[in-house]
Amino acid sequence: MRISGFRLQASGYRLQAPLNFGLPAGGSRPSNTGLRLKAPGFRPYFPDAGLIELAPSILSADFAHLAQQVERATAGGGSVIHVDIMDGHFVPNITIGPPVVKSLRKATRLPLDCHLMIENPDQYIEDFAEAGADWISVHQEATRHLNRTLSHIKHNGCRAGVVINPATPVETLSEVLDIVDYVLVMSVNPGFGGQKFIPSVLGKVRKLAEIRAERGYGYQIEIDGGVALDTVSEVVRAGAEILVAGSAVFGHGDVTANAAALLEAAKRESLQRV
Ligand code: DX5
Ligand code: ZN
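These remarks concern the structure in this document. (Residues numbered from 1 in each chain as written. Chains lettered and ligands numbered in written order. Predicted model: local features only at pLDDT ≥ 70, side-chain atom pairs only at ≥ 80, totals over all residues. Heavy atoms only, no water.)

1. Focus: the overall build of the protein chain
Along the protein chain, the regular secondary structure elements total 8 helices and 10 strands. Counting over 274 residues, the protein chain shows a buried share of 54%. If you take every contact in the protein chain between residues at least 6 apart in sequence, the share linking residues at least 24 apart comes to 67%. For the protein chain, the computed accessible surface area is about 11800 Å², with 52% contributed by carbon and sulfur atoms. (Helix = DSSP H or I, 4+ residues; strand = E, 2+ residues; numbered from the N terminus. Buried < 20%, exposed > 50% of the residue type's maximum accessible area, 1.4 Å probe, protein only. Contact = heavy atoms within 4.5 Å. Areas by Shrake-Rupley, 256 points an atom, 1.4 Å probe, with all protein chains shown as cover.)

Structure representation (structure tokens):
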């Protein structure tokens, strides 16, 4: 089925048109030039401006009981499931691939936010979309043709995000900010959970919020790394809306209570911001 030039979201289906209508779909599979129709199980996502969301990162979860861990984090208010994909090349760690995403897809109706910390992400976008990813983000540092890759993600029916490492300036994104659905600011160097929050990245969160307001763009701002009860206030104050948290949710104690406490602290701060 091929429809181009518009976006339709209704009745549990989403059709996503390519961003650059003149361009063929990028990536390694030239046959995939059509649009992907998401299955009826797909959960449409309509973000509210300023809404704070908690995205529990399963990196710190007990992988032997993944479905139960996700359920517990959801009960505490997690509304997006953050899935860290690492290849041992772009980052010095190896995690999971499409088969685990496919299993997770059956275990939750929440959006699966796949954070690709891999080289050559174009090669795998279709696989993750097919496995059930709803959001796919790629690192600016790992992506040679960023515009094409973001188009490719959208072509596959997913929300498209771009990620920057702590040492990468916001300016490197200036030519894609009008087309991304979300920007993920890394507040640790990617590769591992449980690292210390790097406060200097907050300036980049503030800058992204300013640019969005000035230019009328629609991206959400996500932050990832070291988000916990002691850092969440400053993160929300700076303007982050989607808060990824791994060890603060799954690392100790009661997962549901941890998620609820973090979300509550974040919402309290966001109310003060208004
Ligand atoms: C790190 C990952 C994070 C990680 C965050 O490379 O991208 O998503 O799970 O873990 P915490 O919240 O423990 O810093
Ligand atoms: Zn992540």
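2. Focus on the sheet that holds strand β6 (residues 135–139)
Strand order in the open sheet formed by 8 strands is β3-β10-β9-β8-β7-β6-β5-β4, with parallel pairing between adjacent strands. Strands at the two margins of the open sheet, each flanked by one partner only, are β3 (53–56) and β4 (81–86). On average, adjacent strands in this sheet sit at an angle of 25° to one another, irrespective of strand direction. One ladder, built from 6 bridges, connects β4 with strand β5 (residues 112–117); its direction is parallel. Each residue of the ladder has a partner; that of V83, found in β5, is C114. Sheet strands touched by helix α4 (residues 146–155): β6 and β7 (159–164). Its angle to β7, the strand with the most contacts, is close to 145°. (Pairing = 2+ DSSP bridges. Axes fitted to C-alpha atoms, helices over the stretch in contact; angles between N-to-C directions.)

3. A look at the site of ligand 1
Around ligand 1 there are 20 residues in total, and S57, D84, D224, G246 and S247 lie nearest to it. G194 places a main-chain nitrogen or oxygen 2.8 Å from an oxygen atom of ligand 1. With respect to ligand 1, the side chain of D224 contributes an N or O atom lying 2.7 Å from an oxygen atom. Counting only elements with at least two residues in the shell around ligand 1, the list comes to β4, β5 and β10 (242–245). Looking at the shell around ligand 1, the element that brings in the most residues is β4, giving 3 residues. Class assignment for the residues of the shell around ligand 1 results in 8 nonpolar, 10 polar and 2 charged. (Near = heavy atom within 4 Å. Polar contact = N/O pair within 3.5 Å; in protein donor to acceptor, adjacent residues only side chain to side chain. Nonpolar A, V, L, I, M, F, W, Y, C, P; charged D, E, K, R; others polar.)

4. Side note on unusual backbone geometry
One non-glycine residue, N120, adopts positive backbone phi at about 50°. Examined against the element boundaries, N120 turns out to sit in the loop between β5 and α3 (122–131). We classify N120 as partly exposed; its relative accessible area is 41%.

5. Some remarks on the coordination of the zinc ion (ligand 2)
With distances of 2.0 to 2.3 Å, the protein atoms coordinating the zinc ion (ligand 2) are H82 (NE2), D84 (OD), H115 (ND1) and D224 (OD). In this structure, the zinc ion (ligand 2) is surrounded by 6 donor atoms whose angles at the metal cover 69 to 169°, and the resulting shape is octahedral. Sequence positions of the donors to the zinc ion (ligand 2) reduce to the motif H-x1-D-x30-H-x108-D. Taken together, the residues span a long stretch of sequence, with H82 in strand β4 and H115 in strand β5 at a distance of 33 residues. Of the two residues, H82 and H115, neither departs from the other in class, the shared state being buried. (Donors = N, O, S within 2.8 Å, 3.2 Å for Na, K, Ca; no water. Tetrahedral: all angles 85-135°; square planar, octahedral: opposite > 155°, others 65-115°.)

6. Observations regarding the state of the cysteines
Simply put, disulfide is the name for a covalent bond between the sulfur atoms of two cysteines. Under the definition given, this model contains 0 disulfides. Note on C114: no disulfide assigned, nearest cysteine sulfur contributed by C158 at a separation of 7.9 Å. What makes C114 buried here is its relative accessible area of 0%. A residue is classified by how much of its surface remains accessible, and C158, at 1% relative accessible area, is buried. (Disulfide = S-S within 2.5 Å.)

7. Let's talk about the packing of helix α1 (residues 66–75) against helix α8 (residues 255–273)
Each packed pair of helices is defined by two parameters, the angle between the axes and the distance between the axes. Two numbers describe how α1 lies on α8: the axes approach to 7 Å, and their chain directions differ by 35°. The handedness of the crossing between α1 and α8 comes out as right-handed. Residue-level inspection shows Q69, R72, A73 and A75 of α1 in contact with α8, the latter providing V255, T256 and A259. Classifying every residue of the contact of α1 with α8 by side-chain character gives 4 nonpolar, 2 polar and 1 charged. (Left-handed = near helix turned anticlockwise from the far one by under 90°.)

Bear in mind that shape data such as this cannot, by itself, settle questions of function.
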